[in-house]
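Survey of secondary and tertiary structure
Read off the chains here:
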Amino acid sequence: MSRVTIKRPILRVRDTTTRRFDSLAAEEPLEIRLDGTPLTLTMRTPGDDFDLAAGFLVSEGAVGRAADVAAIRYCAGALADGTQTYNVLDVRLAPGVPHPEPRNFYTTSSCGVCGKASLEAVRTVARWTPREDPIRLSRQTITALPDRLRSAQRVFDRTGGLHAAGLFSPAGEAMCVREDVGRHNAVDKLLGWALRGDLLPLRETVLMVSGRASFELVQKAVMAGIPVLAAVSAPSSLAVELAAEEGMTLIGFLRGESMNVYAGEHRLDVTPATGLGSAGGRSPG
């Protein structure tokens, strides 16, 4: 199996120059096949590949229960010479589970589906809605999440080059944390973990991500029934629109004691000192 990190020689330039080895986050292609037919290709950090494949299918609305997936396995002899690369996976769906249409993969940037069509696709495919989720969160719980996510990033400490996604309880306890060079892959690995544990929908949970909150990440959270998404950086306009339409709580610029709440503020127990109305879409200050 490929390593999560790779060491490479570098020239380190500071006050003096030295030659040393640096740890890099590994990035390799993963082809996901569905019942033997190629479905998608993604660049990812090796590790938790079964979760990644299962989570991708959750994100696309293809599966919603552990029983929907009959088996996941690496394809033997992925190269012409028979070498096993661990870079090709085949997912076998259970009898009676329909195959998704490739054109429904609206989360990829190359699909050519416009923003409004993407929103409509989520409404059509989503199995659950976070709208009525009763979760309530204190300000102390929310502001502690970035540090708790960071403390669980084992590979980031060695490379500094990975995104993280963490699933937390209403009390701020980490349920699962995944890392990857792609933030969407990190979230898919979380969703796959939940699917394989038959935990969907993920009611009364918080998804904390280390980067920005894109439309794609909000879409994935909606597909898993997650009511709260928090990010250390900014959301996109379409991400905010989708969160508001689906009744999700969306938090951006979560840093220290500050945050911007873009949707679903009714779930948060915060004091007026947070200054939610004056940030104007930029980092609170």
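Residues numbered from 1 in each chain as written. Predicted model: local features only at pLDDT ≥ 70, side-chain atom pairs only at ≥ 80, totals over all residues. Heavy atoms only, no water.

Points about the sheet that holds strand S11 (residues 228-231)
Spatial ordering of the open sheet is given by S9-S8-S10-S11-S12-S13, a layout of six strands whose pairing is mixed. Edge positions in the open sheet fall to strand S9 (174-180) and strand S13 (258-263), since each of these has one partner strand only. Mean inter-strand twist for the sheet, computed between neighbouring axes without regard to direction, equals 20°. Relative to strand S10 (residues 206-209), strand S8 (residues 163-168) runs antiparallel, the two being bridged by four bridges. Bridge pairing in S10 places Phe-168 opposite Val-206. (Pairing = 2+ DSSP bridges. Helix = DSSP H or I, 4+ residues; strand = E, 2+ residues; numbered from the N terminus. Axes fitted to C-alpha atoms, helices over the stretch in contact; angles between N-to-C directions.)

With respect to the sheet that holds strand S3 (residues 28-34)
Each strand in a sheet pairs with another by means of backbone hydrogen bonds, the pair being arranged parallel or else antiparallel. Pairing in this open sheet of four strands is mixed, and the strands run S4-S3-S6-S5 from one edge to the other. Unpaired on one side and paired on the other, strand S4 (37-44) and strand S5 (69-74) mark the two borders of the sheet. Sheet twist, expressed as the average angle between the axes of neighbouring strands with direction ignored, equals 20°. Bridge count between S5 and strand S6 (residues 88-93): five bridges; the pairing is antiparallel.

Regarding the packing of helix H1 (residues 49-59) against helix H5 (residues 183-196)
As a packed pair, H1 and H5 sit with axes 6 Å apart at the nearest point and diverge in direction by 90°. Relative to H5, H1 is oriented roughly perpendicular. Here H1 contributes Phe-50, Asp-51, Leu-52, Ala-54, Gly-55, Phe-56, Val-58 and Ser-59 to the contact with H5, which in turn contributes Asn-185, Asp-188, Lys-189, Leu-191, Gly-192, Trp-193, Leu-195 and Arg-196. When the residues that make up the contact of H1 with H5 are grouped by side-chain class, the tally is eight nonpolar, four polar and four charged. (Parallel < 35°, antiparallel > 145°, perpendicular 65-115°, else oblique. Contact = heavy atoms within 4.5 Å. Nonpolar A, V, L, I, M, F, W, Y, C, P; charged D, E, K, R; others polar.)

Some thoughts on the packing of aromatic side chains
For the structure on display, the rule yields two aromatic pairs. Geometrically, the ring pair formed by Phe-50 and Tyr-74 is tilted, given 5.3 Å between the ring centres and 45° between the ring planes. Pair noted here: Phe-50 is in helix H1 and Tyr-74 is in strand S5, with a separation of 24 residues, a long-range link. Residue Phe-50 is classed as partly exposed on the basis of its relative accessible area, which comes to 22%. Relative accessible area serves as the criterion here: at 21%, Tyr-74 is assigned to the partly exposed category. (Phe/Tyr/Trp six-rings, centres within 6.5 Å; stacked < 30°, edge-to-face > 60°. Buried < 20%, exposed > 50% of the residue type's maximum accessible area, 1.4 Å probe, protein only.)

As for the packing of helix H6 (residues 215-223) against helix H7 (residues 237-246)
Between H6 and H7, the shortest axis-to-axis distance is 8 Å and the interhelical angle comes to 20°. Our classification of the angle between H6 and H7 gives roughly parallel. By crossing handedness, the relation of H6 to H7 is classed as left-handed. Contacts between H6 and H7 pair Phe-215, Val-218, Gln-219 and Val-222 from the former with Leu-238, Ala-239, Leu-242, Ala-243 and Glu-246 from the latter. For the contact of H6 with H7, a count of residues per class yields seven nonpolar, one polar and one charged. (Left-handed = near helix turned anticlockwise from the far one by under 90°.)

These figures capture arrangement, not role.
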